[in-house]
Every structure is written in structure tokens, then in C-alpha cells.
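Listed here are the chains, written in short residue letters.
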Amino acid sequence: MDLLKDLSKIKTAVEHALGIGLTDEDFADGREEIEHIFLHEACHAAIAHCVPWIHALEESEHTAVDELMARYLEKEIAESGGLFVHSAKEFVRELQRYPVDITMEDYRHLSTAWEEYFWLRQDLAGMAAYILTFLRHGQVIYHILPKADWEEAESAGVYKPASLAKEGFIHCSAVHQVIPVANDYYEGKADLCVLCIASKKIIAEMRYEGPTGEKCRFPHIFGELNLDAVVAVFNLVKDEDGKFLLPMGPSALI
Ligand SMILES: [Zn+2]
């Protein structure tokens, strides 16, 4: 591998400059750091390979998506390979240097989307698109509805489903909850679509409710939904077994 040859050239240059020979033992102290940097750069290389379109983003968005992705990916690979893993707190502190302006809460929100959804599907391009949407619109939540209801809402200029009057809120999902909700509650139904809603643009109150932990809580909207909060709409399709499916890749969820 040329890469390893290039690295050993660096070692040889140091040896030549000083007329000494370096052993593996001499590198003992730096070994963990070298592994860590190499893993990080290998993750950037993997991202460039799987998500080529991030290079087309303007610089600050490119940096933010690339550096966030690299850390989520690095953590999975380090954990499975028994390598050292930084804490989420350290990751967030590192990101401030770039600067990627992200809070601990943001980091954890994206982390849940990655661990519960995108990483399970090995969908790096989908995660990159999700991060980009997050940077542009803040947290995005999802709502499943019949296409006919969406057309009706568009002509009315507002969305107020029957469930709002009955239950007092509009049921929504986080990204990893969309498919399970569709399969549990909409089995056998066709002609459904999914609204992608920018939570900070919602005029009514939005709260996460339910059991414990971000993984299990569901976002609820307590009032009518203003349509300018809807940043995208896509069709919910089924696989050959009749199970619901979401698109992969850059058009995943924006
Ligand atoms: Zn980096």
C-alpha cells in the first residue's frame, strides 16, 4: 500500500536527519495518537467516498457535515475495533475549534438519529443529508398522513387533522421512528406521504412526550400546523413484503 510506504518515508527521514534507527518501541508513546489520527482520517476518506456531493457544499457547511460525520463514524469503528473512543463532551469541544457551532443537546440528537437509524442502514449519505438539514432548519420531525389529507391542507393553507381535535395534538416521529410507526399503525394502507417539519418554525407548541430517553419519546404538536414549517414532503413506499420503506441517500429525508 503506497500510503504505508509514504508513512515509513517520514520515519526514514527522521532517522536520516539524526543518523539513528527508530524501533517500534520508540513509537510506543505516540502509537495511540497515530492510530487515532489515522482512524479519523480514514473516516474522512470513507465519507468522501460514500458522500461525494459534500464537496459541492460551501465551506462552512462542508466542514460541519464532514467533521460531525467523521466523529459519529469514528465512534462506531473504534468501539467495534476495541480502540480508544473520545467522550461526546470531548467531541463537542473539538468541534468548537473548526468552528462547528453545536451544543451538547444537538450532538446527542444527531447521535440518536445516527445510532438508531442511519448507521443501522449503513446510509452515510442519508446521515450527511440529515445533518445538513439540521444545520439549516434545526431539528426536523416527521408526520405520516394520507396524500389526500395533505392536498386538502395545502388548499386550506393549514393542517388540522381529526386526531388534533380528538387527542389535543398531532402525532409526529423522530427520524428513527417513522418506519416503525408506519408499519405499526398504517399496515395495509396506501397513498401515504411523510411531512418533514422544521420544529423551530412550528407556531404551536411542540413537546417530546412518552417513556424515558430520547430514543422512545415522540414529538407532539399541540395545535394546528402552519404549512411554512413543512420543509419537504415525500411518498412512503413499500417493499415487496408490504413493509414501509424510506429512501436512502441524499434525498433520504429533506
Ligand atoms: Zn477531521
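Since this is a predicted model, take the numbers as computed values, not measurements.

Let's shift gears to the overall build of the protein chain. Check the secondary structure of the protein chain and you find 10 helices and 10 strands. For 254 residues, the compact-globule estimate of 2.2 N^0.38 gives 18 Å, and the protein chain exceeds it by more than 25% at 23 Å. The C-alpha extent of the protein chain, read off along each of the three principal axes, is 80 × 40 × 35 Å. Residues classed as buried in the protein chain amount to 26% of the 254 residues present.

This part takes up the domain arrangement of the protein chain. Each assigned domain of the protein chain is listed with its residue range as follows: domain 1 (2–102) and domain 2 (140–245). One C-alpha centre belongs to domain 1, the other to domain 2; they are set 39 Å apart.

Glancing now at the environment of Leu95. Inspection of the secondary structure assignment puts Leu95 in helix α4 (residues 88–96). Taking the number of C-beta atoms within 10 Å as the measure of exposure, Leu95 has 19 and is therefore partly exposed. For the pair Leu95 and Tyr159, spaced 64 residues apart in sequence, the C-alpha to C-alpha distance is 38 Å. Those residues within four positions of Leu95 in sequence are excluded, and the remaining contacts are Glu67, Val100 and Ile102.

Let us look at the sheet that holds strand β1 (residues 140–146). Reading across the sheet, the 3 strands line up as β1-β4-β8 and stay open at both edges, with antiparallel pairing between neighbours. The two strands at the open ends of the sheet, each matched to only one other strand, are β1 and β8 (230–235). Looking at each pair of strands side by side, their axes are set apart by 25 degrees on average, direction ignored. Inspection of the sheet shows β1 paired to strand β4 (residues 192–198) by 7 bridges, in the antiparallel sense. Bridge pairing in β4 places Leu145 opposite Cys193.

This part covers the pairing of β4. Direction of pairing for β4 relative to β8: antiparallel, over a ladder of 5 bridges. Pairing of Leu195 across the sheet is with Val233, part of β8.

Look at the link from Tyr98 to Pro99: it is a cis peptide, with omega at 0 degrees. Within the secondary structure layout, Pro99 lies in the loop between α4 and α5 (104–118). Phi at Asp191 is positive, roughly 55 degrees, even though this residue is not glycine. Positionally, Asp191 belongs in the loop between α9 (178–185) and β4. Given 10 C-beta atoms within 10 Å, Asp191 falls into the exposed group.

Strand order in this open sheet of 3 strands is β3-β6-β5, and the pairing throughout is antiparallel. The sheet is open, and its two borders are formed by β3 (170–171) and β5 (205–209), each paired with just one other strand.

Within the largest apolar cluster, 50 residues are counted, with the highest numbers of intra-cluster contacts made by Met69, Ala128 and Ile131. Broken down by secondary-structure element, the contributors of at least two residues to this core are α2 (28–50), α3 (59–81), α5, α6 (124–137), β1, α9 and β4. Residue contributions to this core peak at 9 residues, all from α6. In this structure, this core is formed jointly by two domains, domain 1 (2–102) and domain 2 (140–245), each of which donates at least three residues.

The rules we used
- Residues numbered from 1 in each chain as written.
- Predicted model: local features only at pLDDT ≥ 70, side-chain atom pairs only at ≥ 80, totals over all residues.
- Helix = DSSP H or I, 4+ residues; strand = E, 2+ residues; numbered from the N terminus.
- Rg over C-alpha atoms; globule rule 2.2 N^0.38 Å.
- Buried ≥ 20, exposed ≤ 12 C-beta atoms within 10 Å, placed from the backbone.
- Domains from an automatic or database assignment.
- Contact = placed C-beta atoms within 7 Å.
- Pairing = 2+ DSSP bridges.
- Axes fitted to C-alpha atoms, helices over the stretch in contact; angles between N-to-C directions.
- Core = buried A, V, L, I, M, F, W, Y, C linked by C-beta atoms within 7 Å.

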